Amino acid sequence: MFVKIYQYHIREDKTDEYLLIQEKASEVYSRYLDFHTMYLQSKDDGTKWIEISRYKDESEYQKGMNLINEQEEIQELFDAFQSLLVSDRKEISEENYIEKKEIRTFE
């Protein structure tokens, strides 16, 4: 599995709007990719979010993203997302991983 991890800071009063944008973006992504995404909000800093997405492999991810990035709707959603970032913390960190093993004890 190919894994993308993003970290960013969303204004606390914009959480509902943020989650709605993510739902709409997921609808676009699902047209081109199979994926699983989790959105985690920090318990210590309510503005800090981590987004973890898993894809079949990096090649499939790249093919899908090439098509997704051509969609006007996704750029509009990204612009809306950026407007929710904390004004003095607008950076978005992005990291790539390869999943080596998963252990689950619950469904």
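A.B. asks: Describe the side chain of Gln22, and please don't skip the residues or the numbers.
C.D. replies: Summarising the element assignment, Gln22 is placed in helix α1 (residues 15–30). When its relative accessible area of 9% is taken as the criterion, Gln22 is described as buried. Once residues within four sequence positions are removed from consideration, Gln22 is found in contact with Tyr8, Tyr39, Glu51 and Phe81.

A.B. asks: Account for the pattern of salt bridges, with residues named and values stated.
C.D. replies: If you walk through the whole model with that rule in mind, you get nine salt bridges. In this structure, the salt-bridge partner of Lys4 is Glu94, at a minimum N-O distance of 2.3 Å. Here Glu94 lies in strand β4 (residues 93–98) and Lys4 lies in strand β1 (residues 2–9), a separation of 90 residues in the sequence. Exposure remark for Lys4: the relative accessible area of 3% places this residue in the buried category.

A.B. asks: Give me the lowdown on the pairing of strand β2 (residues 35–41), citing residues and values where you can.
C.D. replies: In this sheet, strand β3 (residues 48–55) lies alongside β2 in antiparallel orientation, the contact comprising seven bridges. If you follow Met38 over to β3, its bridge partner there is Ile52. Once β2 ends, the chain turns through six residues before running back antiparallel as β3.

A.B. asks: Could you give an account of α1, with specific residues and numbers?
C.D. replies: Its 16 residues place the ends of α1 22 Å apart at the C-alpha level, agreeing with the 22 Å of an ideal helix rising 1.5 Å per residue. Looking at α1, one finds that the buried residues are Thr15, Tyr18, Ile21, Gln22, Ala25 and Val28. Mapping the buried residues of α1 onto a view down its axis gives an arc of 135°, with all of them on the same face. Seen from the buried face of α1, the exposed residues on the opposite side, beyond 90 degrees, are Asp16 and Glu23.

A.B. asks: Quick rundown of the packing of α1 against helix α3 (residues 72–82)? Include the residues and the values.
C.D. replies: Viewed as axis vectors pointing N to C, α1 and α3 meet at an angle of 160°, and their least axial separation amounts to 10 Å. Classified by the angle between their axes, α1 and α3 sit roughly antiparallel to one another. Seen from above, α1 lies across α3 with left-handed handedness. Here Tyr18, Ile21, Gln22, Lys24, Ala25, Val28 and Tyr29 of α1 come into contact with α3, specifically with Glu73, Ile74, Leu77, Ala80 and Phe81. Taken together, the residues of the contact of α1 with α3 break down into nine nonpolar, one polar and two charged.

A.B. asks: Which residues make up the sheet that holds β2, and what values do they have?
C.D. replies: One open sheet accounts for four strands, arranged β2-β3-β1-β4; its pairing is antiparallel. The sheet terminates laterally at β2 and β4, the two strands that pair on one side only. Looking at each pair of strands side by side, their axes are set apart by 15° on average, direction ignored.

Each value, and the rule that gives it
- Residues numbered from 1 in each chain as written.
- Predicted model: local features only at pLDDT ≥ 70, side-chain atom pairs only at ≥ 80, totals over all residues.
- Heavy atoms only, no water.
- Helix = DSSP H or I, 4+ residues; strand = E, 2+ residues; numbered from the N terminus.
- Buried < 20%, exposed > 50% of the residue type's maximum accessible area, 1.4 Å probe, protein only.
- Contact = heavy atoms within 4.5 Å.
- Salt bridge = Lys/Arg side-chain N within 4 Å of Asp/Glu carboxyl O.
- Pairing = 2+ DSSP bridges.
- Expected span 1.5 Å × (residues − 1).
- Arc of directions from axis to C-beta.
- Axes fitted to C-alpha atoms, helices over the stretch in contact; angles between N-to-C directions.
- Parallel < 35°, antiparallel > 145°, perpendicular 65-115°, else oblique.
- Left-handed = near helix turned anticlockwise from the far one by under 90°.
- Nonpolar A, V, L, I, M, F, W, Y, C, P; charged D, E, K, R; others polar.

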